[in-house]
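# Report on the structure
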Amino acid sequence: MAHEILNLSLAEARATHTSVKWTAFGPEVIPLWVAEMDARPCEPVVRAISQAVQRGDTGYGWGPRYADALREFASDTWGWDVPAGRTTIVADVMIGVAEVLREVTDADGAIVVSSPCYDSFHGFVDMLHRTPVDAPLTAQGRLDLDAIGSAFEQAAATGRRCAYLLSNPQNPTGAVHTAAELTRLAQLANQFGITVVSDEIHAPLVHEGSYTPFLTVPGGSTGITVIAASKAWNLAALKAAAVVTGADAPFATMHDVHTHGASHFGIMAHVAAFTEGRPWLAQLKRELDENRRLVSTLLAEHLPMVRYTPPDSTYLAWLDCRATGLGDDPATRWRTEAKVALSPGINYAPDAGRGFARLNFATSPEILTEAITRMGAVVLSASSPG
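Each chain carries its own residue numbering, running from 1 in the written order of its sequence. Local features in this predicted model are restricted to residues of pLDDT 70 or higher, and side-chain atom pairs are both shown and tallied only at a pLDDT of 80 or more, whereas totals for entire chains, interfaces and linings draw on every residue. With hydrogens and water excluded, all non-hydrogen atoms of the structure serve as input to the side-chain values.

### Describing the nonpolar core
Residue types Ala, Val, Leu, Ile, Met, Phe, Trp, Tyr and Cys, when buried and joined through side-chain atoms within 4.5 Å, form a set referred to as a nonpolar core. Relative accessibility decides the category of a residue: with a 1.4 Å probe and only protein chains considered, values under 20% of the type maximum give buried, values over 50% give exposed, and everything between is partly exposed. Core analysis: the largest hydrophobic core is formed by 128 residues, its most contacted members being Tyr 164, Trp 233, Trp 334, Leu 342 and Leu 359. In what follows, residue pairs with any heavy atoms lying within 4.5 Å of each other are defined as contacts. Contacts of Leu 359, omitting those with residues within four sequence positions, involve Leu 32, Val 295, Tyr 315, Leu 316, Ala 317, Leu 319, Leu 342, Leu 368, Ile 372 and Met 375.

If you want it as structure tokens, here you go:
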């Protein structure tokens, strides 16, 4: 299938992209690190923003239209009835997560995560001055519910209000949590009085299995979800997100001041994506599906010692590079020697992430092929005698 969205050449991407992904490491580096796509934009989004600028519609945003668009998309796509009156529009997903965590945990409370997890989870726990507690994923990248139960018991024993920060679907492994796993998680959270805060930014990007909103599982009504169109439609520059609280969550909506951070353009863009951008998303997912399989082919040819399972969601490949001989931080070796930037695995799990790297395959097959070919040449050179 010819790509229509993920089809930029390396020269075109370098000439047209000025975001952090393409500028942080210099023009000689192929960037496959931060989670933004090299994608041609969704036309309804382009039209919405362009027309707004042309008519001078550059004021403050109006959150209710975002909530309505999300509710319609969630109902049509997942059969999820987003609770009316329990949605707050915020600046972006992680700012929303941080403010929710500030609200539902005590200043000396614990926040449990399951590493390897999105690297910003670690940073935001640190920024909030909460106590980090890790309940690592299993070797298969699934939620380890026994470890989570032990972590919840440890956190609850402090007598402080504590939370669990969930990545659903999971970044960086791409795991899609099952309804059974999430139901058991909710049971444990309610048993120990832990509030589940679920980052569901990758929900529209599921390739295998079924995405289950945490708030829909039995017992999940005590949790809080933060979700946006930004990852699926490549809208990181257009800031907006929604905090959705379960019927039995600690609060119904956040303070009105939190709505002030959402960009008017961000709200417009996300609404256009949810309402008119579904054909674009369907095409994107077909191309991502091809790319996640292309990664398998390229690794088998150029890096057969790297262990990789095509992710069930996201556009992120979690690579076990421990057999490459590149040490604990292969991403840095590849950036300096192959001029290919991946994200270091230690960012996602400081100990268990040693020897791992995260690769963003939301780019053209041309760029993927060039990058992995370069990476393989470095390993071949490092293993050659003399």
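### Details of the sheet that holds strand E11 (residues 343-344)
Remark on secondary structure: sheet strands pair via backbone hydrogen bonds, oriented parallel or antiparallel. Here, strands pair whenever DSSP counts at least two bridges between them. What counts as a helix is a DSSP run of H or I of at least four residues, what counts as a strand is a run of E of at least two, and both are numbered from the N terminus. Strand order in the open sheet made by the 3 strands is E9-E12-E11, with antiparallel pairing throughout. In the strand order of this sheet, the two ends are held by strand E9 (316-320) and E11, each with one partner. Judged from the 5 bridges that link them, E9 and strand E12 (residues 356-360) form a sheet pairing that is antiparallel. Paired with Asp 320 across the strands is Phe 356, a residue of E12.

### Remarks on the packing of aromatic side chains
Note on aromatic pairs: the rings of Phe, Tyr and Trp (six-membered ring only in Trp) are paired at centre separations within 6.5 Å, and the planes decide the class, stacked below 30 degrees, edge-to-face beyond 60, tilted for the rest. Taken as a whole, this structure holds 11 aromatic pairs when the rule is applied. The interplanar angle of 65 degrees and the centroid separation of 5.1 Å between the aromatic rings of Phe 25 and Trp 33 together place this pair among those described as edge-to-face. Its relative accessible area of 17% is what places Trp 33 among the buried residues. Summarising the aromatic geometry, the rings of Trp 318 and Phe 356 are spaced 5.2 Å apart at their centres and angled 15 degrees between planes, so their arrangement reads as stacked. Note that Trp 318 is positioned in strand E9 and Phe 356 in strand E12, a separation of 38 residues in sequence. According to the relative accessible area criterion, Trp 318 is buried, its value standing at 13%. Exposure remark for Phe 356: the relative accessible area of 12% places this residue in the buried category. One aromatic cluster in this structure is built from Tyr 66, Phe 73, Trp 78, Tyr 211, Trp 233 and Phe 274.

### So, the environment of Ala 180
By the secondary structure assignment, Ala 180 is in helix H8 (residues 179-192). A residue is classified by how much of its surface remains accessible, and Ala 180, at 56% relative accessible area, is exposed. For Ala 180 and Val 217, which are 37 residues apart along the polypeptide, the C-alpha to C-alpha distance reads 8.4 Å.

### Focus: helix H5 (residues 93-104)
Taking 1.5 Å of rise per residue, the 12 residues of H5 would be expected to cover 16 Å, and the 16 Å separating its terminal C-alpha atoms lies within 8% of that figure. Among all positions of H5, only Val 93, Met 94, Gly 96, Val 97, Ala 98, Val 100, Leu 101 and Val 104 are buried. Sitting at the amino-terminal end of H5 is Asp 92, which places a side-chain oxygen 3.4 Å from the backbone nitrogen of Met 94. Multiplying one less than the number of residues by 1.5 Å gives the expected span of a helix. Polar contacts here mean pairs of N or O atoms no more than 3.5 Å apart (in protein, one a potential hydrogen donor and the other a potential acceptor; neighbouring residues in sequence count only if both atoms are side-chain atoms).

### Regarding the pattern of salt bridges
Only one rule defines a salt bridge in this text: a Lys or Arg side-chain nitrogen within 4 Å of an Asp or Glu carboxyl oxygen. For the structure on display, the rule yields 21 salt bridges. Across the pair Arg 278 and Asp 76 runs a salt bridge whose closest N-O atoms are separated by 3.0 Å. Here the residue Arg 278 occupies a position in helix H10 (residues 278-302), and Asp 76 occupies one in helix H4 (residues 63-78), the gap between them amounting to 202 residues. The exposure class assigned to Arg 278 is partly exposed, which follows from its relative accessible area of 25%.

### What to know about the sheet that holds strand E7 (residues 224-227)
The sheet built from 7 strands is open, its strands ordered E2-E8-E7-E6-E5-E3-E4 with mixed pairing. Here the strands that pair on one side only, and so sit at the sheet edges, are strand E2 (87-90) and strand E4 (131-134). The mean inter-strand angle of the sheet, taken between neighbouring strand axes irrespective of direction, is 25 degrees. In this analysis an axis means a line fitted to C-alpha atoms, helices contributing only their contacting stretch, and an angle means the value between N-to-C directions, from 0 to 180 degrees. Most of the contacts of H4 go to E2, to which it runs at about 115 degrees, and overall it touches E2, E7 and strand E8 (241-245). Sitting on the sheet, H8 touches strand E5 (162-167) and strand E6 (194-199), and the angle it makes with E6 is about 145 degrees.

### As for the environment of Ala 252
Examined against the element boundaries, Ala 252 turns out to sit in the loop between E8 and helix H9 (264-276). A sequence separation of 164 residues divides Ala 252 from Thr 88, and the C-alpha atoms of the two residues are 9.1 Å apart. Apart from residues lying up to four places away in sequence, Ala 252 is in contact with Arg 86 and Thr 245.

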